Amino acid sequence: METQKAELRILERPQIQKEKLVRGRVVVLTLLLAIIFTSATVWAALLRHEILGVGYLPRWVVSFFVILIGVNAIVKRFFPPFSLTGTELAFIFAILSVIASIPHEIGIHFYLNLLGLVYYSSPYSQWFGQFTPHLPAYLVPSANFRDPAVLWAYEGMPAGAKLPLAEWFVPLLAWTPYIFGVYLVLVFLCLLLSRQWEEHERLLYPLAQVPMELSGATQERSAQSIFRSPLFWVGFIVATLPYSLRGLHLYFPFIPDPQPQRNSGILFASGPLTAFNNIDLHLYPEMVGIAYFLSHEVGLSLWLFPFLRRAEVALRMAVGIDMYHAEFLTFQSVATYLVMAGSLLWLARGYLKEVGLTALRWLVRRLPQSDIESSNTPLTEAKALIGLLLAFAILLLWAKFVAGVNVSWAVLLLLGLVITGLVVARIVGEAGVYIFAPPFRAYQVIFDIFGKDRLGARNIVLLSAMGWIQLRSTGTMATGYIANSLRLFSSAGVSKGFGTGWLLFAILLTLIVCHIVFPTVIYTYGVPKLSWWAQTSSLNMANFIGQYLTTSRPLTSHHWWGLIIGSITCWALIKLRLNFVGFPLHPIGFVTWYGWPLDRYWLSVMIGWALKTLILHYGGFSTFQRFKPFAYGATVGGTMTLTTWILLRLIFPTSESIIID
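These figures come from a predicted structure and were not determined experimentally. (Residues numbered from 1 in each chain as written. Predicted model: local features only at pLDDT ≥ 70, side-chain atom pairs only at ≥ 80, totals over all residues. Heavy atoms only, no water.)

### With respect to the overall build of the chain
- Of the regular secondary structure elements, the chain holds 25 helices and 2 strands.
- Dimensions along the principal axes, computed over C-alpha positions, put the chain at roughly 70 × 65 × 65 Å.
- Per-residue burial over the chain gives 60% buried out of 661 residues.
- If you take every contact in the chain between residues at least 6 apart in sequence, the share linking residues at least 24 apart comes to 81%. (Helix = DSSP H or I, 4+ residues; strand = E, 2+ residues; numbered from the N terminus. Buried < 20%, exposed > 50% of the residue type's maximum accessible area, 1.4 Å probe, protein only. Contact = heavy atoms within 4.5 Å.)

Have a look at this one:
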């Protein structure tokens, strides 16, 4: 009984703060930081494949934030008027955490892949003439692979030559409305549902708890009180050990390597149990800390379901099915996203109806904001709904009149963006997964279902290019960052209208910086001198598109059974969860069970879940609360230590990375 009461109390939230002021100079500081860190992140990603901005608690943002809090404490002591409030600290974190992902999300894919479509259409490639006939000339720097804008990127610049940046002006002018429009859709989608998730469903937002605790924006005590806790520093030091020993080993091989990223290897030589071979045994102290804040059923499901997935594969092998496991699991995942997105919208139907009616009244009658807000109707969310619909329509117009894509296929592609973005935002808001991405590409699913004969080569090429922008990232999707930032605005007392406006401006500013820095770095160094990922990114994408253009891939029964079983299972888990309060499994575990993020994180989640379970069982809720600083320390310590070693490796390269991202 005590444990159940504790679990209910864990779900409690601080009341939403009254709106507080963010001074203009803080906004300017935030934008300057966005420019500086975007430039640095681009260089690190292209040259070393060190992803400083990855993770829904971005590495460099957390590290810089802790340093900023320390500097702010000194300023507050000696120059109080120039110090930052907790609200302003939370505002800085919220903005920077969203823009931190952009260089990785679009940069590594977009610029190199655009060049690759032209370069790998050359006579020296197996895809000769496959791509460029379908590309409008104004969407690429050049349609001729011999043009310096393309050739120099791959084969180096002549001595004394000028960077061919001018050739990028027209294509970037054409692409930027689409890229920014995608971010508009994502921001408005998250803003539309933010009040439903924060106030009605009361999600935990475990990742947002970390910056709020560090900044002290919702507490009466000082922002630095968490740093005075001995348990915080115990957790911090414990978290530094695996990464620090690993880093020292790379420079001094006589120091033992703790191997924080291990693999079980071959456990079974043959038979169905081979499905349990090569289990990742990775230790991420930051994820152990985050898992401590998860609800019991979410924590249990996140580490248990990856094993249930392997058991399903073993069962398929036991009945004689030895092929198409990946396709079967992928289409199961597609079904879970569809069912989960539908259930989220269905649960919010009353709220969405209220928002829709408010939007209609505001549009038709143009009621003053004060009149609408006085009746407690969500005007901000109503405007988000209008913005979402307008942005979606603008993207369709762009697809038809700029890219020349069939509108029907563009609708499916953008609906895939909305569905996957919605589900990922929910996963991050409720499960606090540190890194997560869908195990499928939206455009790939469209290609698989409808085939090249229906789609046509032009649509395949251009839908793929449109899909490089957030429709499926190899790392993390933007909605998780955005959802956390909106929660930070609410908790810190920042007006969501004010915060969202500056968030969108910061995104646009970051895109402009990327447009300048990415091509500059690519031409300055050349693709052969970039990181291992950047060297092969455009070739891999060319091979991906080329295979769909030249090979028919009809759906098999494995695909359809994956859709059917995935739909039924996800629906059943949601139904059981809603009808039985004590049901121990959460459907999010099933939605996330396939893909590299949870394969890597399951062990760390299990450790955090086990610690919390034992503490609640033997010590009760009060003991759980006392150990929270340890979890915060582990989260911050792991993130800051990893960032430190990554920065050191940028200056003094080693043969191996600290960890594999």
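### Quick word on the packing of helix H16 (residues 407-431) against helix H17 (residues 442-455)
- Contact pair H16 / H17: the axes reach a minimum separation of 9 Å and the direction vectors enclose 165°. Classified by the angle between their axes, H16 and H17 sit roughly antiparallel to one another. As for how H16 packs across H17, the hand of that crossing is right-handed. Taken together, the residues of H17 that come into contact with H16 (itself represented by Trp 409, Leu 412, Leu 413 and Gly 416) are Ala 442, Tyr 443, Ile 446, Phe 450, Arg 454 and Leu 455.
- Residue composition of the contact of H16 with H17, grouped by class: 8 nonpolar, 1 polar and 1 charged. (Axes fitted to C-alpha atoms, helices over the stretch in contact; angles between N-to-C directions. Parallel < 35°, antiparallel > 145°, perpendicular 65-115°, else oblique. Left-handed = near helix turned anticlockwise from the far one by under 90°. Nonpolar A, V, L, I, M, F, W, Y, C, P; charged D, E, K, R; others polar.)

### Side note on unusual backbone geometry
- The phi dihedral of Gln 259 is positive, around 50°, even though this residue is not glycine.
- Turning to its location among the elements, Gln 259 is positioned in the loop between helix H9 (230-251) and strand E1 (261-263).
- What makes Gln 259 partly exposed here is its relative accessible area of 39%.
- In this structure, Tyr 324 takes a positive phi of about 65° despite not being glycine.
- Note on placement: Tyr 324 falls in the loop between helix H11 (296-318) and helix H12 (325-347).

### Quick notes on a nonpolar patch on the surface
- The grouping of Ile 74, Phe 78, Phe 79 and Phe 82 at the surface amounts to a nonpolar patch, some 500 Å² of accessible area in total.
- Note on placement: Ile 74 falls in helix H3 (residues 59-78).
- Residue classification places Ile 74 among the exposed positions, given a relative accessible area of 53%. (Patch = residues over 30% accessible without salt bridge, like charges linked within 9 Å, V, L, I, M, F, W, Y side chains within 5 Å. Areas by Shrake-Rupley, 256 points an atom, 1.4 Å probe, with all protein chains shown as cover. Salt bridge = Lys/Arg side-chain N within 4 Å of Asp/Glu carboxyl O.)

### Section: the side chain of Arg 310
- Assignment of secondary structure puts Arg 310 in helix H11.
- One buried charged residue, Arg 310, forms no salt bridge at all, with the nearest opposite charge on Asp 599 at 4.9 Å.
- In this structure the side chain of Arg 310 is engaged in a polar contact, spanning 3.5 Å, whose partner is the backbone oxygen of Asn 278.
- Here Arg 310 is in contact with Ala 275, Phe 276, Asn 277, Asn 278 and Ile 279, once residues within four sequence places are set aside. (Lys, Arg positive; Asp, Glu negative; His and termini not counted. Polar contact = N/O pair within 3.5 Å; in protein donor to acceptor, adjacent residues only side chain to side chain.)

### Details of the packing of aromatic side chains
- Following the criterion strictly, the structure yields 42 aromatic pairs and no others.
- Ring geometry for Tyr 292 and Phe 293: centres 5.9 Å apart, planes at 85°, overall edge-to-face. Here the two residues Tyr 292 and Phe 293 agree in accessibility, since each one is buried.
- Judged by centre distance (5.7 Å) and plane angle (85°), the ring pair of Trp 532 and Trp 533 falls under edge-to-face.
- In this structure Trp 533 comes out as partly exposed when scored by relative accessible area, which is 24%. (Phe/Tyr/Trp six-rings, centres within 6.5 Å; stacked < 30°, edge-to-face > 60°.)

### So, the confidence of the model for the chain
- Per-residue pLDDT for the chain has a mean of 90; in total, 93% of the residues score no lower than 70.
- Ignoring residues within four places in sequence, the model shows residues 1-17, a span with pLDDT below 50, making 34 contacts including any to other chains. (pLDDT = per-residue confidence, 0-100.)

### Thoughts on the nonpolar core
- Core analysis: the largest hydrophobic core is formed by 234 residues, its most contacted members being Leu 46, Phe 110, Trp 175, Leu 214, Trp 468, Ile 507 and Ile 545.
- Examining the composition of this core, we find that 19 residues originate from one element, helix H7 (residues 169-200), more than from any other.
- The contacts of Leu 46, once residues within four sequence positions are left out, are Leu 112, Phe 518, Val 521, Ile 522, Leu 530, Ser 531 and Ala 534. (Core = buried A, V, L, I, M, F, W, Y, C linked by side-chain atoms within 4.5 Å.)

### Here we look at helix H5 (residues 102-119)
- Under the 1.5 Å per step criterion, the end-to-end length of H5 is 25 Å for 18 residues, consistent within 8% with the ideal 26 Å.
- At Asn 113, H5 shows its maximal kink, close to 30°.
- Burial within H5 is extensive, with 18 of its 18 residues counted as buried. (Expected span 1.5 Å × (residues − 1). Bend = angle between axes of the 7 residues up to and from the residue.)

### Here we look at the pattern of salt bridges
- On inspection of all chains with the given rule, the structure shows 11 salt bridges.
- A salt bridge links Glu 198 to Lys 496; its shortest N-O distance comes to 3.3 Å. Residue Glu 198 is found in helix H7, and its partner Lys 496 is found in helix H20 (residues 496-525); the two are separated by 298 residues along the sequence.
- Given a relative accessible area of 4%, Glu 198 falls into the buried group.
- Notably, a salt bridge pairs Lys 452 with Asp 453, separated by 3.5 Å at the nearest N-O pair.
- Overall, Lys 452 belongs to the partly exposed group, its relative accessible area being 26%.
- Taking relative accessible area as the criterion, Asp 453 reaches 66% and is therefore assigned exposed.
- Via salt bridges that share partners, Glu 198, Arg 487 and Lys 496 belong to a single interconnected network.

### Re the packing of H5 against helix H21 (residues 532-550)
- Following both chains from N to C, one finds H5 and H21 inclined at 60°, their axes separated by 9 Å at the closest point. Taken together, the axes of H5 and H21 are oblique relative to one another. When you trace H5 past H21, the crossing you get is right-handed. Contacts from Ile 108, His 109, Leu 112, Asn 113, Gly 116 and Leu 117 in H5 reach Trp 533, Ala 534, Ser 537, Ser 538, Met 541 and Ile 545 in H21.
- Among the residues making up the contact of H5 with H21, the classes are represented as 7 nonpolar, 5 polar and no charged.

### Notes on the state of the cysteines
- Inspection of every chain in the model, using the stated rule, returns 0 disulfides.
- A disulfide-free cysteine, Cys 190 has its sulfur positioned 19 Å from the sulfur of Cys 570, the nearest such atom.
- Under the relative-accessibility criterion, Cys 190 is labelled buried at 7%. (Disulfide = S-S within 2.5 Å.)

### Considering H21
- An ideal rise of 1.5 Å per residue puts 27 Å on 19 residues; H21 measures up with 27 Å between its terminal C-alpha atoms.
- Where H21 bends most, the angle comes to about 30°, and this point is Ser 538.
- Within the span of H21, buried status applies to Ala 534, Ser 537, Ser 538, Met 541, Ala 542, Asn 543, Phe 544, Ile 545, Gly 546, Tyr 548 and Leu 549.
- In the core, the buried residues of H21 are packed alongside helix H2 (24-48), H5, helix H6 (148-155), H17 and helix H18 (457-467).

### A look at the environment of Leu 508
- Secondary-structure assignment places Leu 508 in helix H20.
- Judged by its relative accessible area of 30%, Leu 508 is partly exposed.
- Separated by 442 residues in sequence, Leu 508 and Val 66 place their C-alpha atoms 26 Å apart.
- The residues touching Leu 508, leaving out its near neighbours within four places in the chain, are Thr 176 and Phe 180.

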